[in-house]
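# Geometric and topological summary
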Amino acid sequence: MAATTIRLSSYLCYLLWIVQVLSVNRDNFKTCDQSGFCKRHRNVQPGNSPYVVLADSLKITDSQISVHLLNSKTNVRLGLDLYGLQGNTARVKINELEPLKPRYEIPVGDVLIGEPKQQNLKVLDRGSGSVTLGLEKSKIVLSYSPFRVDFISGEEPLVSINSQGLLKFEHFRKKPEAQPEEQAPAEPTEEEKKEEEGEKKEEDVKEPEQEEESGLWEETYKSFHDPKLNGPSSVGIDVSFPGFENVYGIPEHAESMALKTTKDTDPYRLFNLDVFEYELYNPMALYGSVPVMWAHNEKSTVGIYWNNAAETWIDISSTTADKNFFSKIADLVKGNTEMAQMDTHWFSESGIIDIFVMLGPRPKDVFKQYAALTGSTELPPLFAISYHQCRWNYNDQDDVRNVDANMDVYDIPFDVIWLDIEHTDGKRYFTWDAHKFPASKDMLNGLSVKGRKMVTIVDPHLKRDDNYKVYSDAKNRDMMVKGSNGVEYEGWCWPGSSSWPDFLNPEVRRWWASKFQYNEYDGSTPDLYIWNDMNEPSVFNGPEITFHKDVQHYGGFENRDVHNLYGFYVQKATAEGILMRSNNEQRPFVLTRAFFAGSQRFGAVWTGDNMGEWSHLKVSNPMLLTLNLAGITFSGADVGGFFRNPDSELQTRWYQAAAFQPFFRAHAHIDTKRREPFLLPEENMKIVRDAIRLRYSYLPFWYTLFYHGYRSGETVMSPLWVEYPEDKSTFKMDDQYLLGSSLLVKPITEQGSTGTTVYFPGNSDVWYDTETYQSYAGSQSTYVNAPLGKIPVFQRGGAIVPRKMRVRRSSSLMATDPFTLVICLNKQGEALGDLYVDDYKSYAYRNGNYIHRAFSFKNNILQSSNADPNGRGSSKEWVEKLVIVGFPKAASSVHITVAGNSQSLHHSYDSATRILTVRKPEVNIATDFTITIQ
């Protein structure tokens, strides 16, 4: 009877969710007009700011300026701190001088990896109206009245803060008491008037004016009441990018890579939400939030990071894009040379203004500057960048066994199989359904012998069941978030009645991490890894399907202060748990749906519940490019789409696209038809198999890309302007992209297409089709045939790409296999490349146990040398083949020299393709060697 009751409860919860999600549309989520603070900030008009700098309060130290700002309308004073930071970066912080209570600031060491290192500021000029400071090669001008900050490189303005005068900082205040109806007060005497006049002259005791605006102390959205006990607390300011026509970043939105003006729409919203079947090409919020934005033009790349975890909206306007057709024609006739400028307006519901300004000057410089603040993507284990097979849900152990076996029957490699919520005992995470998965360790060990892993889902909502030990333990330790009444918050999610651990509390995170120990997560093994879903958090019966904003968190802060950090902390705690269970030796893998700045340090991200439609395949490219630009480089989109039943053509094209995206996972909804790749029609199955096998052949290249990203914060999947920053034609291009600087990918995303137009960048570059090695000149667009079996991928002339051509059932079985070096020559007959190798799974590389090789081909000589003297690792891997593309003639001889010893190598030449193939150098990859061609 008890089991029946549990199943009924879960079924009713599922029905509740279905009722909600089937009706989900824009009306289920707030617009700006339905958000009090958004309306208030949007109503601020450009013009002279009421905020002025009180020059007599100015304090200057080696790397910091501190000064008071006065709101001349309300007489409220704020504190401004301006810091110079190492790496051509600055920081601007604005906070109340004496708040009634502390305003929320994200603890240093969580999102920011540490206290940013400061850089000396040199006073260049100090007058009555401004002070000018030198920061490396840039200048910072702080103007007093009205307040604004300008960042200038040479004579070029790059970033301006409050140049539009939109600063609005809602200070904490006491709620006005309701005034009882009474007779008008008597006219004051002359003596009382003089006394009142005298009080007004004393500015220090002057009371701030109270803003007469609606929604300051409470709001109602649909049936949800939001009492604001702390009153209005929002902050906002404008940031302009003079000389720029394009800005990028602020994921997550199902939007083009180059962000659009919001003149006629809502602002872009950053507020982590569970959005069912999200709509494309609009500024609505989705699952994650990274408040970082880049501006790029031919001369410079700059950016800002808005360090605030509250709900945030960003308006974007453009001096060029916002002009109508007739204005543009008039400008053309008049010869108007007005400078292009992107103006952005940022406002958050609470917290402080904390802006990091990254001054580049080039794309890779700003990525490095941002990584210095929030960290880079940790080097993932090799299995994690291989192919993942997932579904909601694989029914039982037999189902898992059959999928695993059929992948082998059809010779389709994969590394990980996933289990969704149905594998648990009644949606109780860290458990197994005893009937469906009675021997989980045997199942895991059966996968492990083939080098494969499993991922199970562990969501943050806990079933409110005192017999469920994880819940009862958290409850007894008083670790749950509380409602505004101080009582454990209750909402509905997959298990029915649920509560949520307060991950803002470091002690709760340590407790959660401990649950991944093998003696706590019964039935787990070292080959089990984790997936955090629904961690926005998703609350089926909450406002906008998430927490009420007055939910109470650690430190006395409300959810409105910290909302966008909740999923970040869930993934952080989970990753730390996987790390702890191996005694901090093995790299974790954790996939998360909700994320924030810094999430890149803890695992991978996917774009959520997409649909099996061509439009969603197409939008995956700009979404993933934007995530990469925001530092979330280990990211992907569900292959085939989560919802609906894609036809075989769409599935085939999606696999081809995803094989060249950083995170490669197929996933499907419980109500969709089974669509494992071996179930496709034979022709499609073979094409998909080829795409997956192609991914495995490029794993050495992918692994090296992730290593570079880990070391420098570089993107893995990049828009073309990152490598070709002066090519204006690439600035809005988001249907093709680069992997590193070596591979150009143009996925087919249109139904029925048998070809596509590819833009090949670089005036002096040449590009080679990776399948046929046909060459294409740079700086031109060319139509390329791409029938169903073809993936348009091209290697840049001048690049050396390492591959492994012996594809096996899983990546770990390829760990000691040999390398093939594909050397595509540029017009000068030269090429460069590199390869990173370690044990592919542990942190031993941090102690120097790795190999980083540099390859150089010049004057018909290939040289392999040590790229990093700190790398002292060894390997059983070796070089078995060279494929030299664009070689002008047949070779008479080829010799390899190792440690002074030389021997000849077998070689062949194809004059039709101009490919020289050199076989069996048989030299260990860690060895210095030279191959000479004559």
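Before reading further, recall that the structure is shown in the block above.
Residues numbered from 1 in each chain as written. Predicted model: local features only at pLDDT ≥ 70, side-chain atom pairs only at ≥ 80, totals over all residues. Heavy atoms only, no water.

## Focus: the overall build of the protein
We apply this condition: Helix and strand definitions here come from DSSP, where helices need a minimum of 4 consecutive H or I residues and strands a minimum of 2 consecutive E residues; each element is numbered from the N-terminal end. When a residue's accessible area, from a 1.4 Å probe over protein chains only, is under 20% of the maximum for its type it is buried; when over 50% it is exposed; and in between it is partly exposed. Here a residue-residue contact requires only that any non-hydrogen atoms of the pair lie within 4.5 Å. Note on areas: Shrake-Rupley with a 1.4 Å probe; residue coverage comes only from the protein chains shown. Think of it this way: Lys and Arg go in the positive column, Asp and Glu in the negative one, and His and the chain ends go nowhere. For charged residues, the charge sits on one atom: NZ in Lys, CZ in Arg, CG in Asp, CD in Glu.
The secondary structure content of the protein amounts to 16 helices and 50 strands. Over its C-alpha atoms, taken along the principal directions, the protein stretches across nearly 110 × 80 × 55 Å. In the protein, which comprises 934 residues, the proportion classed as buried is 62%. Within the protein, contacts between residues separated by at least 24 positions form 72% of all contacts whose residues are at least 6 apart in sequence. Accessible surface computed for the protein: about 35,900 Å², of which carbon and sulfur atoms make up 48%. Averaging the coordinates of the 99 positive side-chain charges in the protein and doing the same for the 121 negative ones gives two points 7 Å apart.

## Describing the sheet that holds strand S28 (residues 590-592)
Inclusion rule: Should DSSP find at least two bridges between two strands, the strands are taken to pair. Every axis corresponds to a line fitted to the C-alpha atoms, with the helix fit spanning only the stretch in contact, and the corresponding angles, defined between N-to-C directions, vary from 0 to 180 degrees.
Taken in spatial order, the eight strands make up an open sheet running S30-S29-S28-S27-S23-S22-S21-S31, and their pairing is parallel. Edge strands, defined here as strands with exactly one partner in the open sheet, are strand S30 (635-636) and strand S31 (664-666). Against the sheet, helix H7 (residues 440-448) engages strand S22 (416-419), strand S23 (453-457) and strand S27 (528-532), with an angle of about 140° to S23. Across the sheet, helix H11 (residues 566-581) lies against S27, S28 and strand S29 (604-606), angled at about 175° from S27, the strand it touches most.

## Let's talk about the sheet that holds strand S47 (residues 901-904)
Pairing is mixed across the open sheet formed by 11 strands, whose spatial order is S47-S46-S50-S44-S43-S42-S40-S41-S45-S49-S48. The sheet terminates laterally at S47 and strand S48 (906-910), the two strands that pair on one side only. Within this sheet the neighbouring strands show an average axis-to-axis angle of 20°, counted without direction. Where strand S43 (residues 851-858) lies against strand S44 (residues 861-866), six bridges are found, and the strand directions are antiparallel. Paired with Ser856 across the strands is Gln863, a residue of S44. Each of strand S40 (799-803), strand S41 (819-824), strand S42 (831-837) and S43 is contacted by helix H15 (residues 699-712), which is oriented at about 85° to S42, the strand it contacts most.

## As for the state of the cysteines
As a reminder, the rule being used: Only a pair of cysteine sulfur atoms within 2.5 Å counts as a disulfide in this structure description.
Applying the stated criterion across every chain yields a total of one disulfide. Between the sulfur of Cys32 and that of Cys38 lies a disulfide, 2.0 Å long from S to S. The sign of the -105° torsion about the S-S bond sets the Cys32-Cys38 disulfide as left-handed. Assessed through its relative accessible area of 1%, Cys32 is described here as buried.

## What to know about the packing of helix H13 (residues 648-658) against helix H14 (residues 682-697)
Inclusion rule: An angle counts as roughly parallel when it lies under 35 degrees, as roughly antiparallel when it exceeds 145, as roughly perpendicular when it falls between 65 and 115, and as oblique in every other case. Throughout this entry, Asp, Glu, Lys and Arg are counted as charged residues, while Ala, Val, Leu, Ile, Met, Phe, Trp, Tyr, Cys and Pro are counted as nonpolar. The remaining residues, Gly among them, count as polar.
Running from N to C, H13 and H14 point in directions that differ by 10°, and their axes come no closer than 9 Å. Our classification of the angle between H13 and H14 gives roughly parallel. Contacts between H13 and H14 pair Ser648, Glu649, Thr652, Tyr655, Gln656 and Ala658 from the former with Asn684, Ile687, Val688, Ala691, Ile692 and Arg695 from the latter. Taken together, the residues that form the contact of H13 with H14 break down as six nonpolar, four polar and two charged.

## Re the pairing of strand S3 (residues 77-85)
Taken across its nine residues, S3 has seven buried, putting it largely inside the fold. Summarising the sheet, strand S2 (residues 64-71) and S3 pair through seven bridges and their orientation is antiparallel. Looking at the pairing, His68 lines up with Gly79 of S3. Between S2 and S3, which follow one another and run antiparallel, lie five residues, and Asn75 among them has a positive phi close to 65°. Looking at chain direction, S3 and strand S4 (residues 89-96) are connected through eight bridges and run antiparallel. Across the sheet, Gly79 pairs through a bridge with Asn95, a residue of S4. Taken together, S3 and the strand that follows it, S4, pair antiparallel across an intervening segment of three residues, in which Gly87 is found at a positive phi of about 85°.

## A word on the packing of helix H12 (residues 614-629) against H13
Between H12 and H13, the shortest axis-to-axis distance is 10 Å and the interhelical angle comes to 10°. One finds that H12 runs roughly parallel with respect to H13. Along its contact with H12, which presents Trp614, His616 and Leu617, the element H13 presents Glu649, Leu650, Arg653, Trp654 and Ala657. Of the residues in the contact of H12 with H13, the class split is five nonpolar, one polar and two charged.

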